[in-house]
Amino acid sequence: MAPRLQLEKAAWRWTETVPPEAVAQEHIEAAYRVGLEPCQRGACRRNCRGNPNCLVGIGEHVWLGEIDENSFHNIDDPNCERRKKNAFVGLTNLGATCYVNTFLQMWFLNLELRQALYLCPSECAAGEGIPKDKDYEPQTICEHLQYLFALLQNSKRRYIDPSGFVKALGLDTGQQQDAQEFSKLFMSLLEDTLSKQKNPDVRNIVQKQFCGEYAYVTVCNQCGRESKLLSKFYELELNIQGHKQLTDCITEFLKEEKLEGDNRYFCETCQSKQNATRKIRLLSLPCTLNLQLMRFVFDRQTGHKKKLNTYIGFSELLDMEPFMEQKNGVYVYELSAVLIHRGVSAYSGHYIAHVKDPQTGEWYKFNDEDIEKMEGKKLQLGIEEDLEPSKSQARKPKCGKGTHCSRNAYMLVYRLQTREKSLTVEVPAFLQELVERDNCKFEEWCNEMAEMRKQSVARGKIKHEEVKELYKRLPAEAVKALCKDCVVERCRILRLKNQLNEDYKTVTNLLKVTVKGNDGFWVGKASLRSWRQLALEQLNEQDEDTEHSNGKMNGNTPSKDESNEEKREEEEELNFNEDIVCPHGDLCISENERRVVSKEAWEKLKQYFPKAPEFPNSKECCSQCKILEREGEENEALHKMMASEQKTSLQNLFHDKSRPCLGSWPQETDELYIVSQFFVEEWRKFVRRPTRCSPVSSVGNSVLLCPHGGLMFTYASMTKEDSKLIALIWPSEWERIQKLFVVDHVIKISRRPAAGAEPDGAVFTSEPQLCPECREGLLCQQQRDLREYTQATIYIHKVVDNKKVMKDAAPELNMSSSEAEEEREENKPEGEQDPDFNQTNGSAKRQKVSHQSYVSYQKQGIRRSTRHRKVRGEKALLVSANQTLKELKIQIMHAFSVAPFDQNLSIDGKILSDDTATLGSLGVIPESVILLKADEPIADYAAMDDVMQVCMPEEGFKGTGLLGH
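First things first, this report covers the structure right here in the doc. (Residues numbered from 1 in each chain as written. Predicted model: local features only at pLDDT ≥ 70, side-chain atom pairs only at ≥ 80, totals over all residues. Heavy atoms only, no water.)

Next up on the list: unusual backbone geometry. Not every positive phi belongs to a glycine, and Asn-86 is a case in point at roughly 60°. Looking at the element boundaries, Asn-86 is found in the loop between α3 (61-64) and β1 (90-91). Even without a glycine there, the phi angle at Glu-927 is positive, about 75°. Of the residues examined, Glu-927 reaches a relative accessible area of 27% and is grouped as partly exposed. (Helix = DSSP H or I, 4+ residues; strand = E, 2+ residues; numbered from the N terminus. Buried < 20%, exposed > 50% of the residue type's maximum accessible area, 1.4 Å probe, protein only.)

Here's what the structure looks like:
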């Protein structure tokens, strides 16, 4: 078969001699290629798009060969849901219940607790049991736990559904709860429930396993009297802020607190308030010691909880004897469980549990349905710690033998070390019967799924044979519906495309003829310059649309997304002659952008652009645009007058001359006023270019105040880092400013002599007063931004002969791209800057954006002026705080062609050498300038490619989302 393009040309060659109105049936059949011979089977690799009679390559190869049985069904192998030998059973995550699953697995592996729960009497055990035709429905929390533990122990399923237990607790499966709070509430509920049991081994199991006792001891410094308040605990809540080791957290929990001043203690012996000390004394410890690491703390700045990503080290053996009041017992504990919260937020994330099997001593990771056995008999947290990058810049400390460290552990569970053999817990008979019933249901389900797979395969094989037989008898001819309208339209398009070059010459000659009177038509100059290209593109689009319509028979219909994209592009581009249409839909008033063409030329153009807007020579311009033009000229005159008046009134402020300085405050002046530097900059822009910039009407000092109305700056900060954000105003200038602008807030600083100070000393006060709390919050936020930035700009400056390449004779290379663009913008003639510029006799009519920028500035709050002037030999790179120095060196290699091992980097005189360190830990902040001193470059670029292979990982960083929901 001939190539598709040759078939296409042959099918439409008749259009050269046949006009659209003369299209007959023979032309339609030729266009649809009805007379083409069918392709022979086996001759084509795929269905021929150029031959409608080709029925080869339509997917028959999928059915003609051998087919894998799995293709005939979408039913997974039921044996994948079967519990493996010597494996634990998982728990289904019901939406956001991973925190419940971790505690259930931990409690299940507490053999003493499991055995005590099995001993709880049940109505099923005492009565006649559960009828076989009814499902078992536990009535109490103990019965739910009994049934769950029995299934976890002897079920044949890979995982079970805890929905009955979760529903009995009244938990919302779609909302993640505080895991630590859940643990406390459930232990309290379980203890209250078991307290009604007669068997002491059951009644006291919670106290025996989890309950300890400590005392709050207050000692009077005056008389030495001790006051004790005894208290039970089920877990110790340990603060982790500022600590690196678990033992340090316990020490802080037990440290003495001084009661002094307003917090003094009323001593009953002294009968008065006295200085005292208070501390916690551990009196007894439980068999299972739960240590809650307070990772989720309240943030006063945001009013919400936040997660602390602090690394805490802990050992596998914990000796609590040094912390006990009485040291006459054995207090050595073994690590038995580590509960992990994976995620950066206190309100979301995923919970998993690492728990040691008390019978084998092996560690397992319980992750809802999935359970993984750790290699060997050691706890391994490294994988969990590496799954999600932390915003904290702290590096993971090294851990010695028998110790671990984690930034995600929120609960550590230790078991009292004992030489006794581990318990063997048997499932009671009534519970085992219920488990066996569930196992029978599971086996029936497995058999049913296997039978369904078998039936699907049998049906698929029958269909396979039917399709093969059908293909052998498939005819190569079929009745087709042929559209005459489509053929006529494409004939017209093809003839216009062939005629376009001739018509272009004709129109060009007609445009040379001078039009007299009002006989002509207005056409946009831009449209005239590109009309041939526009016509060709339009004809091609129409041709493609026609092809798509015809192509529906052959499966060539364009996708919905492609069609929508084409429509959007058409809407965005201006069509022919729309460049002289004003915003009101009428003829624009700018005669520079249009010209008159003869009636003959317009008729030729209309053949290609029948929908183009038509404006006869006698057509009047838009009256609304004329009114706006006059108003614009009046506004410009008014703005010029305002700018001249303001410049005259505030000459020194405009020229930045004779400005007050806090460092050398004149003695004759006792007070100064403050405005934002942004206001001054915007005002200067208006004065320089009153016809291009909007006038500034308000001083806008509210941006310098906090939400409480307090000043955001201290005197010290206004002389240093915040000096770029404010402008100091003389009292005489302030009087003029109040007359020229609306003043929302008056900010004044005054100086008065300080009592007992040196001759030059003074006390500075401000109105409004400083708001320390908001000031501290601002500084904290700024520091946090510097530590946690992503995709920020830094500058790499290449050093030549240990000297910086300074500014030279090419000033446009010495400024940032934004500054250079602004400079070019200012130097343009009047009316050429704005992309929305409406050209009316050379005057610009546009909506000013200065006020919008100012409002945006107010919303954002105080911002630093961080504009960096680039110089030659310097390049800007986008980096993140958690990026390593090694990754930065690879970016520099791409930018400067300097291999990483040839790069000597420094910032502020400090050498950057640790390739594994993050940029945040190295003090690289946004807008930093890093100096690059290169050793001899690599001449062999192939060698540089080898460096790339070594430096770059095979896979890029993978973002991690919120898991387990």
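Moving on to helix α19 (residues 599-608). Along an α-helix, a turn takes 3.6 residues, which lines up residues three or four apart on a common side. Taken together, the buried positions of α19 are occupied by Ala-601, Trp-602, Leu-605 and Tyr-608. Summarising the axial view, the buried residues of α19 lie within an arc of 110°, below the 170-degree limit, and thus occupy one face. (Arc of directions from axis to C-beta.)

What follows is about the pattern of salt bridges. Under the defined criterion, the tally for this structure stands at 22 salt bridges. Between Glu-325 and Arg-281 there is a salt bridge whose closest N-O contact spans 3.7 Å. Note that Glu-325 is positioned in the loop between β14 (317-319) and β15 (332-342) and Arg-281 in strand β9 (residues 276-284), a separation of 44 residues in sequence. A relative accessible area of 34% means that Glu-325 is categorised as partly exposed. Accessibility expressed as a relative area gives 13% for Arg-281, which makes it buried. Where salt bridges share partners, they join Arg-82, Lys-156 and Glu-443 into one cluster. (Salt bridge = Lys/Arg side-chain N within 4 Å of Asp/Glu carboxyl O.)

This next bit is on helix α24 (residues 731-740). Of the positions making up α24, those classed as buried are Glu-733, Trp-734 and Ile-737. The buried residues of α24 occupy an angular sector of 100° when projected down its axis, which confines them to one face. Exposed residues pointing more than 90 degrees away from the buried face of α24 are listed as Glu-735 and Lys-739.

What follows deals with the nonpolar core. Ranked by internal contacts, the top residues of the largest apolar core, which has 61 residues, are Phe-103, Trp-107, Leu-190 and Leu-194. It is helix α7 (residues 141-154) that contributes the most residues to this core, nine residues altogether. If we ignore the near neighbours within four places in the chain, the residues touching Trp-107 are Leu-113, Phe-149, Phe-182, Phe-186, Met-187 and Phe-210. Grouped together as the second largest cluster of nonpolar side chains are 36 residues, Leu-282, Leu-308, Trp-363 and Leu-379 included. (Core = buried A, V, L, I, M, F, W, Y, C linked by side-chain atoms within 4.5 Å. Contact = heavy atoms within 4.5 Å.)

Across a sheet, paired strands are connected by hydrogen bonds in the backbone, their directions being either parallel or antiparallel. Within the open sheet, the four strands sit side by side as β4-β3-β9-β6. Their pairing is antiparallel. Pairing within the sheet leaves two strands with one partner each, and these edge strands are β4 (226-233) and β6 (257-259). Neighbour-to-neighbour, the strand axes of this sheet turn through a mean angle of 25°, independent of strand direction. Of the strand pairs in this sheet, strand β3 (residues 212-220) and β9 are connected by eight bridges, and their pairing is antiparallel. Across the sheet, the residue bridging to Tyr-216 is Ile-280, located in β9. (Pairing = 2+ DSSP bridges. Axes fitted to C-alpha atoms, helices over the stretch in contact; angles between N-to-C directions.)

Once that is clear, we can look at the sheet that holds strand β23 (residues 615-616). The three strands lie next to each other as β22-β21-β23, forming an open sheet whose pairing is antiparallel. What marks the edges here is a single partner per strand, and that holds for β22 (594-597) and β23. Pairing geometry for strand β21 (residues 521-524) and β23, over two bridges, is antiparallel. Its bridge partner lying in β23, Trp-522 is registered against Phe-615.

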